[in-house]
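Residues per chain, in single letters:
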Amino acid sequence: MTDREDIDMLAAEYVLGTLDPDMRRIVDERRSHEDDLNAAIADWEKRLSPLNGHYRDEMPSRDLFPAIRARIEGARAQADNIVEIDLLKRKLARWRIGTFATGALAASLMVAVLVSDFASPVQDRQFVAVFHRDDTQPAFVMSIDLDTRAVIIRPVSATLPEGKTYQLWIASDQLGPAPKSLGLLENASVPTTRSLGEFDPALLRNATFGISLEPEGGSPTGRPTGPAIHGRLIPVKH
Amino acid sequence: MGTSTRDLEQFLARAADGDMDAFGHLYHATSAKLFGIVLRILKNRAQSEDILQEIYVRVWERAGDFEPGRASIITWMATIARNRAIDALRCDKRHDAVVDDFDIDQLADHDDLSVADEAERNDDLRQLEICLGGLDDDRRTMVRLAYLDGFSRAELAERFAQPVGTIKTWLHRSLKQLKECLGS
C-alpha cells in the first residue's frame, strides 16, 4: 500500500468514525499541518455526509440555548481578562525600558507602576498586584484594601534561595526619594499580612510597591540591594 | 423548516461578528437536526444534551472558518456534531456509559425502508445509496452502523463475529469500492 493510499484510508476511517480514540487524536493533530491529509478528510466528508439525511430530527428536552450562551460568555470574559493582562505586560515592558533609560530607580528594584496610571475611579478601594520574575510565572500576588489599609502578599511560585529573604518596599514622592521598607516576608510559602495604617489611602493609591531578594535579616543598607520582582496594581472590580 | 440555507449562513456570519441574537436564531433553526445526530450516536439523552451544548460553543468559536463554497452550512455543522459525539462515545465507553432504552428500529441495519423516501429528497444521497447497494449486505450494514451509530471497529467485530483485523480489511475494501463508484 502506498503512503497516499494509507493517508486516504486513514482519512476515510476518521470520517467514518471507526478509529480508536488515540488514533483520532493523532489525526486531529496531524490534519492541522498536513494539507494532503486534511484535503483527504474533506473529500471523505463530502462523499459520506449525504448519509446525514438518515438522521431524524430530535428535540432536546429543554431549551439549551441560555446555557450555551452562558458558556460562551463565560469563556469570553476569561479571554478578555487574558487580553487585559497582556496589555498590562506590554505597558510594563515600556515602563521598564523608561526606567533603565533614566536610571531613576535603584537598579536592583523593579516596582509596581503607579496606581493612578490606571483609569481608576475614586470608588476603587481594592487592588491587586501580580509580581513576576522575568515576566514568566507569577511569583507573588499582593492585594491591598484601602479601607482597612491591610496588605496581603500570597506567594504563588516564589522559592527562597538558602540564606535569603524577601523584603517588601513602598515608594512615594511623599515619603522621600528612597523606597521605605515594609518588612520581610519571612516565609515564602504562606501569605503574609501587613497593616499599612501609618499611610493614608491617598498615598497608598499613588504609591509604588516592590519585592526584592535580600540577605537573611533584610537589606543591610536600608535600601533594596538584591534582585527585585516587579508588579502592578490593578483595581478589583465588583 | 421555515429558515432557508441563506438565512442560516447569515446568522452564522453575524455570529462570527459576535452577534449572540443571530446565534440564537441559528441554534433554534438547527438544534433538532444536530440533536438527532448526537442522540443516535450516544443513545443517552442527558449526555447528548451536554454534548450538544459543547457543539454549539464550538460552532460559535469556529463561525469564522465556515466557507460557503466547500460544504453546505448544515453539513458543516453536522460534521462538527458527529465528530464531537463520536469523541464523547469513545471516551465514555471506557467508563461504561449508560445507554438509554432506544428503539432498535432506529439502528442502521433497519434503515432500508426509509431509504427510498430519503433518496428522492437528495441526489447525493441517492447516488451514495446506489453505490452502497453495490456492496455485500454485511459490508453495507457495517458502513452504516459505523457512520450513523458510531460503531467502533471492535463493536463491529463483535457484531459480525470476526477478528478486528478482518473488519479493518472489510472496511477498507468497502470504502475503496465506494470511492470508485462515486467517481471521485
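See above for the structure.
Reading guide: rules and limits
- Residues numbered from 1 in each chain as written.
- Chains lettered and ligands numbered in written order.
- Predicted model: local features only at pLDDT ≥ 70, side-chain atom pairs only at ≥ 80, totals over all residues.
- Heavy atoms only, no water.
- Helix = DSSP H or I, 4+ residues; strand = E, 2+ residues; numbered from the N terminus.
- Expected span 1.5 Å × (residues − 1).
- Buried < 20%, exposed > 50% of the residue type's maximum accessible area, 1.4 Å probe, protein only.
- Polar contact = N/O pair within 3.5 Å; in protein donor to acceptor, adjacent residues only side chain to side chain.
- Contact = heavy atoms within 4.5 Å.

1. Remarks on helix α2 (residues 20-42) of chain B
Residues and elements named next belong to chain B.
Here comes step 1: In this model, α2 (23 residues) spans only 28 Å end to end at C-alpha, well below the 33 Å of a helix rising 1.5 Å per residue.
Here comes step 2: Summarising burial for α2: 19 of the 23 residues are buried, a large majority.
Here comes step 3: N-capping of α2 is provided by Asp19, with a side-chain oxygen placed 3.0 Å from the backbone N of Asp21.

2. With respect to helix α3 (residues 45-62) of chain B
All names here are of chain B.
Here comes step 1: For α3, with 18 residues, the first-to-last C-alpha span of 25 Å sits near the 26 Å given by 1.5 Å per residue.
Here comes step 2: Burial in α3 covers these residues: Gln47, Ser48, Glu49, Ile51, Leu52, Gln53, Ile55, Tyr56, Val57, Val59 and Trp60.
Here comes step 3: The N-capping residue of α3, defined by a side-chain oxygen 3.1 Å from the backbone nitrogen of Ala46, is Asn44.

3. Here we look at the environment of B:Ile73
All names here are of chain B.
Here comes step 1: Along the polypeptide, Ile73 turns up in helix α4 (residues 73-93).
Here comes step 2: The spacing of Ile73 and Arg6 is 67 residues in sequence and 9.1 Å in space, taken between C-alpha atoms.
Here comes step 3: In contact with Ile73, not counting residues within four places along its chain, are Thr5, Leu8, Glu9, Leu12, Leu26 and Phe66.

4. With respect to unusual backbone geometry
Here comes step 1: Phi is positive for A:Arg149, close to 55°, though the residue is something other than glycine.
Here comes step 2: Within the secondary structure, A:Arg149 sits in the loop between β2 (138-145) and β3 (150-155).
Here comes step 3: Of note in the backbone geometry, B:Ala161 takes a positive phi value of approximately 50° without being a glycine.
Here comes step 4: Turning to its location among the elements, B:Ala161 is positioned in the loop between α8 (153-159) and α9 (164-182).
Here comes step 5: What makes B:Ala161 exposed here is its relative accessible area of 64%.

Geometric descriptors of this kind do not, in isolation, establish any biological role.
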